[in-house]
Amino acid sequence: MSISELRKKAMRLPLSPGVYLMKDSRGGVIYVGKAKALKNRVSQYFGSQQNHGEKTRKMVENVSDFDYIITDSEFEALVLECSLIKQHMPKYNILLKDDKGYCFIKVTRDGWPGLSCVYQKSDDGALYIGPYTSTYAVSTSVSDAIKIYRLPRCAKVFPRDIKRDSRPCLNFFIKQCAAPCAGKIGEAEYRESVDEALAYLKGGGAAMLSDLKKRMEEAAEKLEFEKAAKLRDRIRAIEKINQKQKVYSGSVTEQDVFALASENDKACLNILRFTEGRLTESEFFIIDTPEDLRSARHELIRGYYAMRDHVPPKISVDGEVEDEALLCEWLSSLAGRRVTITQPKRGEQLGILELCGKNASERLLQELGKVGKGVAALRELAEALGLKGMPEYIESYDISHTAGADNAAGMVVFKNGAPLKSAYKRFSIKGFTGQDDYASMAEVIRRRFTRYLDEKESGEGFGRLPDLILLDGGIGQVHAVLPVLCELGVDVPVFGMVKDGRHRTRAIASDGGELSLTAARQAFTLVSAIQEEVHRFSVSYHHKKRKKAGLSMTLTEIEGIGEARAKALMKHFKTLAAIKAAGVEELEAVVPKSAADKIYTHFNVN
């Protein structure tokens, strides 16, 4: 069906709650949705496309027909929607794909046994305990058990590597390894430690503490003080681990926390799961950046618990959720008890939510290949300047001249906080002669962004729009270029980099005045580096122009060689030395024979 036919069909739908199924030309279900009033909701898809996001427009382009099912209530529609999504797995519904695998606790049997967390079984004779669904919980628990029972985590094989080294590694001295490599522990005692580590993993710390305290008291009564001391150290290690795991023991009991972070066209969802006051799991999902956050949160929460068996009594989110009351009713029906969704505004709960958001942001940056100090500086810079997003691609400009002569400009590019030298550009000022830094900067910006308008389809080089423009100069430079950008219809934040009396970065200039960056140390360091680099680059080009102009003046001293011929010779031969060494025939490739003869005679006869 055409869009107009689909709209006519939609307008005949009843104003009843229900579920609709969008289908493609082959009859496959590509989207399932619910509605409080079917006619109103479905007809919106086939009206003006200007109000839809890109994803919705693409979905509508692929719709050839739709079916619908009337329900008695909006809650029944939500339940049916979830069931149909599970059944059909429609392309435009699936925000989350559950690619979470299982993990195992591996206990090696060759030689002295070792513990580790692995993602799949191998036919290697080892003992595998599991599977477990929470990789985070298992890997954390195995790491804790290795620390408590001082098991080695190095690549050495025992008994082969025993006493190969005269001294144990640092882990022995900080009491996190018993150092079998240096013969500090026998095989029988080592195997006992492994067995106790497994018992800790299977039974938990509380059960082990009671047993260890009892054994310590018995050892002390028998005057086995060395054994009692070792048991005491294990008790302290377990208590320390337990204390560390109870960082959020106040208002956090059993709940899940959802937070989203987005960067350009990608987003990351982090879910922190708390049980009995402890963080037991952290999951990440990389998705396309949502068009509508309220709707996306609803879909993400619904989709997540459609894949999970357990729903906690409390869910914290980082923003508003569409149809929150309806979603809570559905979650409560899954859990068999009341489930609430909250948006923390203060205190410990807000701190946990911010931690969740930070985790999401860090994972997203890792996925996008953006890690390191540069990213932290860009975040700080974006916050200080009030930018909408992190300025991944920064262009900076500087003008250089000598008393108005040999005017030149340099453009440097910083990508993800580091110089991108392949994108650097040089400009010769052509619109006028004399000294006028403001006019020079305006000319360069006009030429650069005129090229952008011509080449923006490519998305590369001048065809790419920067996230931020930094000008070497103050408010005057900013005021000189803003009208040019406005005229060209280019919307990019522009700031000036103001220097002090020692030619060092002092502040950032904007249309609203000057802003100090001294409180944002990483951003200040980055801006200083950009200002130094653009100044160096523009000055080096200016010096090159002056040198070339000087060489051209040497050539114009020769009869018959004017400025145009001097420039042509320098462009062809590159250096004055090459011109001096050239024969008449080589010179004739650039200038007439009479001029070539005079050049040759000037340098080789006089």
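Shown above is the structure to which this text applies.
Residues numbered from 1 in each chain as written. Predicted model: local features only at pLDDT ≥ 70, side-chain atom pairs only at ≥ 80, totals over all residues. Heavy atoms only, no water.

Caption draft 1: Seen up close, the overall build of the chain. From N to C terminus, the chain includes 20 helices and 19 strands. Per-residue burial for the chain yields a buried fraction of 43% across its 606 residues. Put simply, of all contacts in the chain between residues at least 6 apart along the chain, 60% involve residues at least 24 apart. Only carbon and sulfur atoms are counted for the fraction: they give 49% of the accessible area of the chain, which is about 32,000 Å². (Helix = DSSP H or I, 4+ residues; strand = E, 2+ residues; numbered from the N terminus. Buried < 20%, exposed > 50% of the residue type's maximum accessible area, 1.4 Å probe, protein only. Contact = heavy atoms within 4.5 Å. Areas by Shrake-Rupley, 256 points an atom, 1.4 Å probe, with all protein chains shown as cover.)

Caption draft 2: Focus on empty space enclosed by the protein. Taken as a whole, this structure holds one cavity of 30 Å³ or more when the rule is applied. Taken together, Phe 258, Ala 259, Leu 260, Leu 269, Arg 297, Leu 300, Ile 301, Val 317 and Asp 318 form the lining of the largest cavity. Of the residues assigned to the lining of the largest cavity, the class counts are seven nonpolar, no polar and two charged. (1 Å grid on protein atoms, 1.4 Å probe; cavity = no way out; pocket = protein on both sides within 12 Å on 5 of 7 lines; lining within 4 Å. Points joined across faces, edges and corners; volume = space filled by probe spheres on them. Nonpolar A, V, L, I, M, F, W, Y, C, P; charged D, E, K, R; others polar.)

Caption draft 3: Inspection of the nonpolar core at higher detail. Core analysis: the largest hydrophobic core is formed by 29 residues, its most contacted members being Ile 105, Leu 115, Tyr 149, Leu 151 and Leu 201. Elements with a minimum of two residues in this core: β4 (103-107), α5 (135-148), α7 (187-203), α8 (205-221) and α9 (225-245). Top element by residues in this core is α7. It accounts for six residues. Not counting the four nearest positions on each side in its chain, Leu 115 is found in contact with Ile 105, Lys 106, Val 107, Val 142, Ile 146, Leu 151, Ala 197, Leu 198 and Leu 201. (Core = buried A, V, L, I, M, F, W, Y, C linked by side-chain atoms within 4.5 Å.)

Caption draft 4: Local environment of the side chain of Gln 349. Inspection of the secondary structure puts Gln 349 in helix α12 (residues 347-367). In this structure Gln 349 comes out as buried when scored by relative accessible area, which is 11%. Of the polar contacts made by the side chain of Gln 349, one reaches the side chain of Gln 255; its length is 3.0 Å. (Polar contact = N/O pair within 3.5 Å; in protein donor to acceptor, adjacent residues only side chain to side chain.)

Caption draft 5: Region of the structure containing the sheet that holds strand β5 (residues 115-118). Taking strand neighbours across the sheet as the criterion, the three strands line up as β5-β4-β6 in an open arrangement whose pairing is antiparallel. Only two strands of the sheet have a single neighbouring strand rather than two, namely β5 and β6 (127-132). Direction aside, the axes of adjacent strands within the sheet are offset by 20 degrees on average. The pairing of β4 with β6 spans four bridges and is classified as antiparallel. Bridge pairing in β6 places Cys 103 opposite Tyr 132. (Pairing = 2+ DSSP bridges. Axes fitted to C-alpha atoms, helices over the stretch in contact; angles between N-to-C directions.)

Caption draft 6: Just the packing of aromatic side chains, in detail. Under the criterion given, the structure shown has 15 aromatic pairs. Summarising the aromatic geometry, the rings of Phe 285 and Tyr 304 are spaced 6.2 Å apart at their centres and angled 80 degrees between planes, so their arrangement reads as edge-to-face. Placement of Phe 285 in strand β9 (residues 278-288) and of Tyr 304 in helix α10 (residues 293-307) is noted, with a sequence separation of 19 residues between them. The exposure class assigned to Tyr 304 is buried, which follows from its relative accessible area of 0%. Joined through ring pairs, the aromatic side chains of Tyr 20, Tyr 31, Tyr 45, Phe 46 and Phe 66 make up one cluster. One Lys or Arg, Lys 9, reaches over the ring of Phe 66 and ends 4.6 Å from the middle of that ring. Seen from the ring of Phe 449, Arg 448 lies directly overhead, with NZ or CZ sitting 4.4 Å from the centre. (Phe/Tyr/Trp six-rings, centres within 6.5 Å; stacked < 30°, edge-to-face > 60°. Lys NZ or Arg CZ within 6 Å of the ring centre and 35° of its normal.)

Caption draft 7: Main features of the pattern of salt bridges. Tallied over the full model, the rule gives 23 salt bridges. Here Glu 283 and Arg 308 are joined by a salt bridge, their closest N and O atoms 2.6 Å apart. Taken together, the residues span a long stretch of sequence, with Glu 283 in strand β9 and Arg 308 in the loop between α10 and β10 (314-316) at a distance of 25 residues. Per residue, the accessibility class of Glu 283 equals that of Arg 308, and both read buried. (Salt bridge = Lys/Arg side-chain N within 4 Å of Asp/Glu carboxyl O.)

Caption draft 8: Structural detail: unusual backbone geometry. In this structure, the amide linkage connecting Phe 158 to the following residue, Pro 159, adopts the cis form with an omega of 10 degrees. Along the chain, Pro 159 turns up in the loop between α5 and α6 (170-173). Within the chain, Met 89 stands out as a residue other than glycine whose phi angle is a positive 50 degrees. Its place among the elements puts Met 89 in the loop between α4 (74-88) and β4.

That's the geometry; what it means functionally is another story.
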